[in-house]
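# Residue-level structure breakdown
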Amino acid sequence: MPFVSAHPARIYAVAAAALALVVHYIPSLPSALVLGLVGAVLGVGESVQRIEDGKTARAGSGIEHQGHA
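Here goes a summary of the coordinates provided. The structure presented is a predicted model; accordingly, all values stated were derived computationally and were not measured.

Before going further, it helps to spend a moment on the overall build of the protein chain. Looking only at helices and strands, the protein chain has three helices and zero strands in total. Reading the helices (α) and strands (β) of the protein chain from amino to carboxyl end gives α-α-α. Expressed as a percentage of its 69 residues, the buried residues of the protein chain come to 7%. Carbon together with sulfur atoms contributes 70% to the accessible area of the protein chain, which is approximately 5400 Å² in total.

Here you go:
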């Protein structure tokens, strides 16, 4: 679990790429299934973005405090 919380963007990128490959190489998949998975991937992407934004904000606030010490 520490790896997942440390690298959510990398895991998301691999999952999105895997989904694209599966859809490309298995054209017989129902379009409703594919669209549902795409929607889920977009939702997870929003969550990953918020996690990364939080990490960036925490890192930025740490740098500011070091300069004032």
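Okay, the pattern of salt bridges next. Applying the stated criterion to the full structure yields two salt bridges. Note that Arg 50 is salt-bridged to Glu 46, the shortest N-O span being 2.9 Å. Within this pair, Arg 50 and its partner Glu 46 are both found in helix α3 (residues 31-67), separated by four residues, close to a single helical turn. Judged by its relative accessible area of 58%, Arg 50 is exposed.

Bringing the environment of Ala 13 into the picture now. Among the structural elements, Ala 13 can be located in helix α2 (residues 8-25). The spacing of Ala 13 and Val 41 is 28 residues in sequence and 9.8 Å in space, taken between C-alpha atoms.

The next subject is a nonpolar patch on the surface. A contiguous nonpolar patch, built from Met 1, Phe 3, Val 4 and Ile 11 and spanning about 440 Å² of accessible area, is present on the exposed surface. Locating Val 4 in the fold gives a position in helix α1 (residues 2-6). With relative accessibility at 41%, the residue Val 4 sits in the partly exposed group.

Examined against the element boundaries, Leu 42 turns out to sit in helix α3. Take Leu 42: its relative accessible area is 57%, and that puts it in the exposed class. The sequence separation of Leu 42 and Ala 16 amounts to 26 residues, and the corresponding C-alpha distance is 9.1 Å.

Calculation rules
- Residues numbered from 1 in each chain as written.
- Predicted model: local features only at pLDDT ≥ 70, side-chain atom pairs only at ≥ 80, totals over all residues.
- Heavy atoms only, no water.
- Helix = DSSP H or I, 4+ residues; strand = E, 2+ residues; numbered from the N terminus.
- Buried < 20%, exposed > 50% of the residue type's maximum accessible area, 1.4 Å probe, protein only.
- Areas by Shrake-Rupley, 256 points an atom, 1.4 Å probe, with all protein chains shown as cover.
- Salt bridge = Lys/Arg side-chain N within 4 Å of Asp/Glu carboxyl O.
- Patch = residues over 30% accessible without salt bridge, like charges linked within 9 Å, V, L, I, M, F, W, Y side chains within 5 Å.

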